[in-house]
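# Secondary and tertiary structure notes
Okay, here's what each chain looks like letter by letter:
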Amino acid sequence: MKEDTLLVHAGRDPERNHGIVNPPLYRASTILYPTLAEFANRAARKYTGFSYGIHGTPTTFALAEALAGLSGGHRALVTSSGLSAISLALTAFLRQGDHVLVADTVYGPTRAFCRQVLSRFGVETTFYDPTIGGRIAGLIRANTRVVYVESPGSQTFEVQDVPAIAQATHARGALVMMDNTWATPLYFRAFDHGVDVEIQAGTKYIAGHSDLLLGVIVAKDEPTFRTLKDGTAAFGDCVAPDVCALALRGLRTLHIRLRHHERSALTIARWLQRRPEVQRVIHPALPEDPGHALWRRDFRGACGLFGVILKTASLPAVAALVDGLRWFKIGASWGGFESLVTNPDPRDNRSATPWAETGTLLRLNIGLEAVEDLTADLEEGFARLNAAL
Ligand SMILES: Cc1ncc(COP(=O)(O)O)c(C=O)c1O
């Protein structure tokens, strides 16, 4: 079955549901048991059955099944946000005295979780240069349990050599976790590249409509899934049925939206490359990008999120550009149908790989508007920028 077909059909079974196309939406806390003996044995339902609302309903299971199928993984867990998926997955595998290697360019709150929370529980984090590839072997210690990858990196889009990292990591008995939100499983097949635990902020492209928060953790096999389930159940994190139903709705059109985002973003990236105000466009699908060769080798496509470095460092001039934009709105998150812009400062978030660029970095999330409108908006923005310089 091709992925487009899988996206349309996964996680639903109209024949078992009166012919109704979408899975029913179950609201549940209490789940009833026919006998005291079955109630006493409820732990037996832990991995596959229904025991209490927090541990899943047919609605959560439908979403998890569809997401595991999409990733080509074994089974999935859904969580209340992308960040909770990250913190729960790390916590499930790490113990006091362990060491974790984390890419220096990870999503800022992932870094904060390692530094502020894991450290309190006796887990040491080393942030590594995301371009390290197989040389990561030199950083792996006897107590390194997890190597955490995010590719491309947050804000600065460094592409990681995931197969080389996975090979070195597995040779030392540790496991590879990856935040695969940027590419989604459609454009990066994490499990084919040696990843053991795939994480996604379903909030972004899976949801696709900026109206929900969702995390996804996919395990490569049953033992990995059970470690995740055991480790996460204690936290009481769960996803409401309405959110699952909305996420399933988003999932059905992921492939269509992503192709559109990809095409528009590349068109705008190339347009920006030709602008005299621009120092560099950071987009792994551009041949000039330092991560392009790896991206071409390992990825099947690109999403709508990329960076552009403006030559000017003048905040008032950049504000004149950004504040007056009509279609690009200022806001966190990405992956929705609408275009967004922010001005992250990578210096806030790096230790192993200092940010040496001059100018101003803008992060663009290209939505589903017409490219002509978006470039016209930016063109007027550049006129305001130049007038303010
Ligand atoms: C790469 C990446 N991973 C994870 C997250 C966290 O997702 P959420 O906002 O659902 O917590 C984000 C959010 O921006 C992100 O950019």
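The notes below deal with the structure included here. (Residues numbered from 1 in each chain as written. Predicted model: local features only at pLDDT ≥ 70, side-chain atom pairs only at ≥ 80, totals over all residues. Heavy atoms only, no water.)

## A word on the packing of helix H4 (residues 82–93) against helix H5 (residues 108–117)
So the rule is basically this: Only the stretch in contact is used when fitting a helix axis, every axis being a line fitted to C-alpha atoms; angles between N-to-C directions are given from 0 to 180 degrees. Helix and strand labels come from DSSP, where a helix needs a run of H or I of at least four residues and a strand needs a run of E of at least two; each type is numbered from the N terminus. For a crossing to be left-handed, the near helix must be turned anticlockwise from the far one by less than a right angle; the clockwise case is right-handed. Working rule for contacts: check all heavy atoms of both residues, and any pair within 4.5 Å makes them a contact. As a working rule, the residues Ala, Val, Leu, Ile, Met, Phe, Trp, Tyr, Cys and Pro are called nonpolar, Asp, Glu, Lys and Arg charged, and the rest polar, with Gly in that last group.
Remark: H4 packs on H5, axes separated minimally by 10 Å, with the N-to-C direction vectors making an angle of 35°. For the pair H4 and H5, the sense of crossing is right-handed. For the pair H4 and H5, the contacting residues are Leu83, Ile86, Ser87, Leu90 and Thr91 in the first and Pro109, Thr110, Phe113 and Cys114 in the second. Split into classes, the residues belonging to the contact of H4 with H5 amount to six nonpolar, three polar and no charged.

## Remarks on the site of the ligand
Threshold: Nearness is judged by heavy atoms alone; a residue qualifies as near a molecule or strand once a single heavy atom is within 4 Å of it. Pairing of N or O atoms within 3.5 Å defines a polar contact, subject to two protein rules: one partner must be a possible hydrogen donor and the other a possible acceptor, and residues neighboring in sequence count only if both atoms are side-chain atoms. Where accessible areas are quoted, they stem from the Shrake-Rupley method and a 1.4 Å probe; at the residue level, only the protein chains shown are allowed to cover.
Neighbouring residues of the ligand: 14 residues in total, closest Gly82, Leu83, Asp179, Thr203 and Lys204. Separating an oxygen atom of the ligand from a side-chain N or O atom of Thr203 is a distance of 2.5 Å. Trp334 places a polar side-chain atom, nitrogen or oxygen, 2.9 Å from an oxygen atom of the ligand. The protein chains hide 89% of the 390 Å² of surface that the ligand would expose on its own. No other element matches H4, which puts three residues into the shell around the ligand. Residues belonging to the shell around the ligand are distributed by class as follows: six nonpolar, five polar and three charged.

## As for the packing of aromatic side chains
Where we set the bar: Here is the rule: rings of Phe, Tyr and Trp (six-membered ring for Trp) pair when centre to centre is within 6.5 Å. Planes less than 30 degrees apart are stacked, more than 60 are edge-to-face, and the remainder are tilted. To sort residues, take the accessible area from a 1.4 Å probe on protein chains only and compare it with the maximum for the residue type: under 20% means buried, over 50% means exposed, and anything in between is partly exposed. As a reminder, the over-ring test applies to NZ of lysine and CZ of arginine, requiring each to be within 6 Å of the ring centre and within 35 degrees of the ring normal.
Following the criterion strictly, the structure yields six aromatic pairs and no others. An angle of 75° between the planes, with centres 6.1 Å apart, marks the rings of Trp182 and Phe299 as edge-to-face. Linking Trp182 in the loop between strand E5 (175–179) and helix H7 (184–187) with Phe299 in the loop between helix H11 (292–298) and strand E9 (305–310), this pair joins segments that are 117 residues apart in sequence. As far as burial versus exposure is concerned, Trp182 and Phe299 are alike and both buried. Measuring from ring centre to ring centre gives 4.7 Å for Phe188 and Phe299, while their planes differ by 45°; the resulting arrangement is tilted. Of the two residues, Phe188 sits in the loop between H7 and strand E6 (197–201) while Phe299 sits in the loop between H11 and E9, which places them 111 residues apart along the sequence. Taken together, Trp182, Phe188 and Phe299 form an aromatic cluster joined through their ring pairs. Sitting above the plane of the Phe39 ring, Arg42 keeps its charged end 4.1 Å from the centroid.

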